[in-house]
Amino acid sequence: MVQAYILIQTEVGKASTVAEVIGKIKGVIQAEDVTGPYDVIVRAEADTVDELGRMVVARVQKVEGITRTLTCPVVHI
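Just so it is clear, the model here is predicted, and its values are computed rather than measured. (Residues numbered from 1 in each chain as written. Predicted model: local features only at pLDDT ≥ 70, side-chain atom pairs only at ≥ 80, totals over all residues. Heavy atoms only, no water.)

> Please set out the sheet that holds strand β2 (residues 28-33) residue by residue, giving values where relevant.
Strand order in the open sheet formed by four strands is β2-β3-β1-β4, and the pairing between neighbours is antiparallel. The open sheet is flanked by β2 and β4 (66-73), the only strands paired with a single partner. Within the sheet, the average angular offset between the axes of one strand and its neighbour, ignoring direction, is 20°. Bridge analysis of β2 against strand β3 (residues 40-46) gives five bridges, and the strand direction is antiparallel. Within β3, the position partnered with Val 28 by the bridge is Ala 44. Strands β1 (2-10), β2, β3 and β4 of the sheet are contacted by helix α1 (residues 15-22), whose axis makes an angle of about 170° with β2. (Pairing = 2+ DSSP bridges. Helix = DSSP H or I, 4+ residues; strand = E, 2+ residues; numbered from the N terminus. Axes fitted to C-alpha atoms, helices over the stretch in contact; angles between N-to-C directions. Contact = heavy atoms within 4.5 Å.)

Here you go:
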């Protein structure tokens, strides 16, 4: 199992809507709107890195109102 944080920038005023929509995507554990340089932070999981990448590109990035994403896989050192 691979987990990652997805940091999302949105159009002005879209953060809560984006977080709500993304929260319903399969594999998303949590999606919250926040303040700071990013507007939404998502914790997601998938069976493989490839599956995680497909989720981000095919589902998360297609949500209306998103301008940029940054995916940060969780590592256990």
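> Could you give me a rundown of the nonpolar core, with the residues and numbers involved?
Of all hydrophobic cores here, the largest spans 20 residues; its most connected members are Ile 8, Ile 22, Val 42, Met 55 and Val 60. Only β1, α1, β3 and α2 (49-60) provide two or more residues apiece to this core. (Core = buried A, V, L, I, M, F, W, Y, C linked by side-chain atoms within 4.5 Å. Buried < 20%, exposed > 50% of the residue type's maximum accessible area, 1.4 Å probe, protein only.)

> Describe α1, with residues and values.
Among the residues making up α1, those that are buried are Ala 15, Val 18, Ala 19 and Ile 22. All buried residues of α1 fall inside an arc of 100° around its axis, so they share one side. For α1, the secondary structure elements touched by its buried residues are β1, β2, β3, α2 and β4. (Arc of directions from axis to C-beta.)

> Can you explain a nonpolar patch on the surface? Please cite residues and give values.
Taken together, the side chains of Tyr 5, Val 34 and Ile 41 define a hydrophobic patch exposed on the protein surface, amounting to about 210 Å² of accessible area. Positionally, Ile 41 belongs in strand β3. Note on Ile 41: relative accessible area 32%, which makes it partly exposed. (Patch = residues over 30% accessible without salt bridge, like charges linked within 9 Å, V, L, I, M, F, W, Y side chains within 5 Å. Areas by Shrake-Rupley, 256 points an atom, 1.4 Å probe, with all protein chains shown as cover. Salt bridge = Lys/Arg side-chain N within 4 Å of Asp/Glu carboxyl O.)

These figures capture arrangement, not role.
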